[in-house]
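# Structural characterization, general
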Amino acid sequence: MSCCHHYALAEGGDAVFSVDLSAITFGPGSLAEAGDHARNLGLRRVALFTDPRLAELEHVDIVRRALAEAGIDAVLYREVTVEPTDAAFRNAARFAAEGHFDGYVSVGGGSVIDTAKAANLYATYPAELAAYVNAPLGEGGAVPGPLKPHIACPTTCGTGAECTGIAIFDWVEKGVKTGIVSRRLRPTLALIDPTTTWTLPASVVAASGFDVLSHALESYTALPHTCRAKAERPSLRPMSQGANPWSDFGCEKALQLTGTYLERAVRDGNDREARDAMMWAATLAGIAFGNAGVHLPHGMAYAVAGGVREFRAPGYPQEEPMVPHGMSVIVNAPAVFRFTADACPDRHLDAARWLGADTRGAAPGDAGEIVARRLIELMRLCDIPNGVGGVGYHEGDLATLTAGTWAQQRLVKNAPKAVNEAHLSELFRNAMRYW
Ligand SMILES: [Fe+2]
C-alpha cells in the first residue's frame, strides 16, 4: 500500500490520532529544579537512577542536592549498565520493590531512563519479566494502571527516552533486543538541561545527533496513521500510530535544527548554541517519534547493534565491542530512504530541504537520491563509519541481519510501504558501503 496523499483515509484505516506527552521543563540550569518539581508531585522518598560513570559527575550531584534541599529522601541506584539486559532490568526492579519508593528520578542517557521505567513498572505491578514485554517475544500484557511519578533528566541529546513510553533491553537468552511499550511508561516530567551536553565527547554528540535526525526523518516518513489498520478499541491505538499532523510539526523543526547545528555541535564542544539547539531538536524529535513511531533504520539497527563483533567506537567504553545506538541507526538510513522515497516523495524532499540539501527543480523521482546524498554528506562531516560494512559486517552477514530485523515487526510495519525479507536483505546489501 502506498500512501502519497497524506492522511487520506485508507479502507480499514484509522481517521483518529492521539497525542500523549510528558510534561517538559527545558533550559540551562533546570536540573537544579528537580527537588521542587519532585515535592510538587508529592514525593517524599525516591529512587535516583544513574550509571557508575555519571554518578561521579556534577549532574547527579546537582539533582541530589536539589532533592535534599526539598526535604526528599533519595536512594541512589548507580548500577545501570549501557544497553541494559533482562538481568539488569530484573536487578533494578528488585531494588525498586525493596525500597518502597513513592517516585523515581533518572539522570542519564536512554539506558538509565529506560531502566528506571522498567523498575517503576515491575515494582508497582510485580510480574515475570516476559509479562509486559512486546509479543511475540514476550506476553505483551497491558500495564494494569498508572505508575509512580518519574522525573527523567537526560544527559545526552539523542534518545528522546524522557518523552517516550518505551523501555528497550537486550534479552540475552533469546539473543535479541526488544522492549516494553506502554503509554503508562512515559515519564511524568522530562527535566531537560542542555548544559549536560557541553562536556560530551564529539563522537557521542555525533552518534546521538544522528539518532535525533533519524527519529525525525523516520517519524515524518512513517506510514500515515490513516493507513494503519484501526485498533479494536480506541484505548488499544498504538503509540507507534504512524505519521500524524502533530508529529509532523516536531519533525520539521528537529530536521531544520539538525541540518543547521549537528556538524557544529560535533566539531566544537565550545559551541554551546549548537549543543543547546541539538538538545532541543532531541526533545522535539522525541515527542514526535513517541507519538508516531520509527521504522526501518531503527528496525535494522537492532540487528546491527545485536550482532556486533569487534567494533568499538571512540569516546565510548572500550571494555566490550559496541555499536552506539545512533550509529547503528544511521548506517542504514541512506539505503532505506532511497528505497522508501517512492512511497511519499514529497515528504522525502521536504526532509532533504530541511536538512540543508538543495531541492530546487527536483522531480519526485529524485527524492530518494537527494535525501540519501545529504545524509551521507552529514555522516562524513561527523566521522560516522562508512555504512554497515564500516562497523564490521560483510555480505556473508546478510541473512543474519535480515532475520534480526524481520523480528522487529512493530517497526517494519511502520514503514511507508510493504516490506518483505528480500527487501531487507537488499537494503543491507546497499547499506554496506556508501563512499
Ligand atoms: Fe533511536
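Residues numbered from 1 in each chain as written. Predicted model: local features only at pLDDT ≥ 70, side-chain atom pairs only at ≥ 80, totals over all residues.

Our next topic: the environment of G165. Along the polypeptide, G165 turns up in the loop between strand 5 (150-154) and strand 6 (166-171). Using a count of 20 C-beta atoms within 10 Å as the deciding quantity, one classes G165 as buried. Separated by 17 residues in sequence, G165 and S182 place their C-alpha atoms 5.2 Å apart. G165 has contacts with V181, S182, R183, R184, L185, R186, M239 and G290, leaving out every residue within four places of it along the chain. (Helix = DSSP H or I, 4+ residues; strand = E, 2+ residues; numbered from the N terminus. Buried ≥ 20, exposed ≤ 12 C-beta atoms within 10 Å, placed from the backbone. Contact = placed C-beta atoms within 7 Å.)

Once that is clear, we can look at the packing of helix 9 (residues 296-306) against helix 14 (residues 398-406). Interaxial distance between helix 9 and helix 14 falls to 7 Å at its minimum, and their mutual angle equals 130°. Put simply, helix 9 runs oblique to helix 14. In this structure, the crossing between helix 9 and helix 14 has a hand that is right-handed. Contacts between helix 9 and helix 14 involve G299, M300, Y302, A303, V304 and G306 on the former and, on the latter, L401, G404 and T405. Within the contact of helix 9 with helix 14, the residues separate by chemical class into 5 nonpolar, 4 polar and no charged. (Axes fitted to C-alpha atoms, helices over the stretch in contact; angles between N-to-C directions. Parallel < 35°, antiparallel > 145°, perpendicular 65-115°, else oblique. Left-handed = near helix turned anticlockwise from the far one by under 90°. Nonpolar A, V, L, I, M, F, W, Y, C, P; charged D, E, K, R; others polar.)

In terms of domain boundaries, the protein breaks down into domain 1 (29-192) and domain 2 (202-431). The C-alpha centroid of domain 2 is placed 25 Å from the C-alpha centroid of domain 1. Contacts between the two partners involve 17 residues from domain 1, matched on the other side by 25 residues from domain 2. Per element, the largest residue contribution to the side of domain 1 that touches domain 2 is 3 residues, and it comes from strand 7 (residues 176-181). Considered class by class, the residues forming the side of domain 1 that touches domain 2 number 6 nonpolar, 7 polar and 4 charged. (Domains from an automatic or database assignment.)

Take the environment of R233 next. Checked against the element boundaries, R233 lands in the loop between helix 6 (202-221) and helix 7 (245-267). You can call R233 exposed: it has 7 C-beta atoms within 10 Å. R233 sits 150 residues away from E83 along the chain, and the two C-alpha atoms are 34 Å apart.

With respect to burial, strand 6 is a largely interior element, 5 of its 6 residues being buried. Pairing of strand 6 with strand 7, which is carried by 6 bridges, proceeds in the antiparallel orientation. The residue of strand 7 that forms the bridge with F169 is T178. Hairpin connection of strand 6 to strand 7: 4 residues between the antiparallel strands, including G175 at a positive phi of 65°. (Pairing = 2+ DSSP bridges.)

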